[in-house]
Amino acid sequence: MTGQSFDWMGQRIPFRTGESLAAALDAAGIRTFGPDALGQETRYFCGIGACQCCLVRVDGVVREACTTPARPGLNVEALESRHD
């Protein structure tokens, strides 16, 4: 591990150079990425950006976690806030 990390909902997530956000979240044991606009849980599924099941907000911009390279200091959040 290189000591690189990004922020996921207030938690520091380590990653390896070249890893996607989804791969790093999965390696950290995070299997779902929060609800989408319809309330369905987002998750890592196809790995190529086709299904868009892994949408997250990266520094405020909606991105596919599976095709977005992890970079130090990114702020990654669930697509939608929970209103439980």
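Above this text you will find the structure in question.
We now turn to the structure provided with this report. The structure presented is a predicted model; accordingly, all values stated were derived computationally and were not measured. (Residues numbered from 1 in each chain as written. Predicted model: local features only at pLDDT ≥ 70, side-chain atom pairs only at ≥ 80, totals over all residues. Heavy atoms only, no water.)

## A closer look at the pairing of strand S2 (residues 11-14)
Alignment of strand S1 (residues 5-8) against S2, held across four bridges, turns out to be antiparallel. Bridged to Ser5 within S2 is Pro14. (Pairing = 2+ DSSP bridges. Helix = DSSP H or I, 4+ residues; strand = E, 2+ residues; numbered from the N terminus.)

## Things to note about the pairing of strand S6 (residues 61-64)
Relative to S6, strand S5 (residues 55-58) runs antiparallel, the two being bridged by four bridges. Looking at S6, one finds that Val56 is bridged to Arg63. Hairpin connection between S5 and S6: a loop of two residues separates the two successive antiparallel strands, and Asp59 in this loop has a positive phi of roughly 50°.

## Considerations on the sheet that holds S2
The strand order across the open sheet built from five strands is S2-S1-S7-S5-S6, with neighbouring strands paired in mixed fashion. Unpaired on one side and paired on the other, S2 and S6 mark the two borders of the sheet. The mean inter-strand angle of the sheet, taken between neighbouring strand axes irrespective of direction, is 40°. In this sheet, strand S7 (residues 75-78) lies alongside S5 in antiparallel orientation, the contact comprising three bridges. Of the residues in S7, the one forming a bridge with Arg57 is Glu77. (Axes fitted to C-alpha atoms, helices over the stretch in contact; angles between N-to-C directions.)

## A few points about the side chain of Thr68
Residue position: Thr68 is located in the loop between S6 and S7. When near neighbours in sequence (up to four residues on either side) are disregarded, Thr68 contacts Ser20, Leu21 and Arg63. (Contact = heavy atoms within 4.5 Å.)

## Digging into the state of the cysteines
In total, this model carries zero disulfides according to the counting rule given. Free of any disulfide, Cys46 has its nearest neighbouring cysteine sulfur in Cys51, separated by 3.7 Å. For the unlinked cysteine Cys51, the closest cysteine sulfur is that of Cys53, found at 3.6 Å. (Disulfide = S-S within 2.5 Å.)

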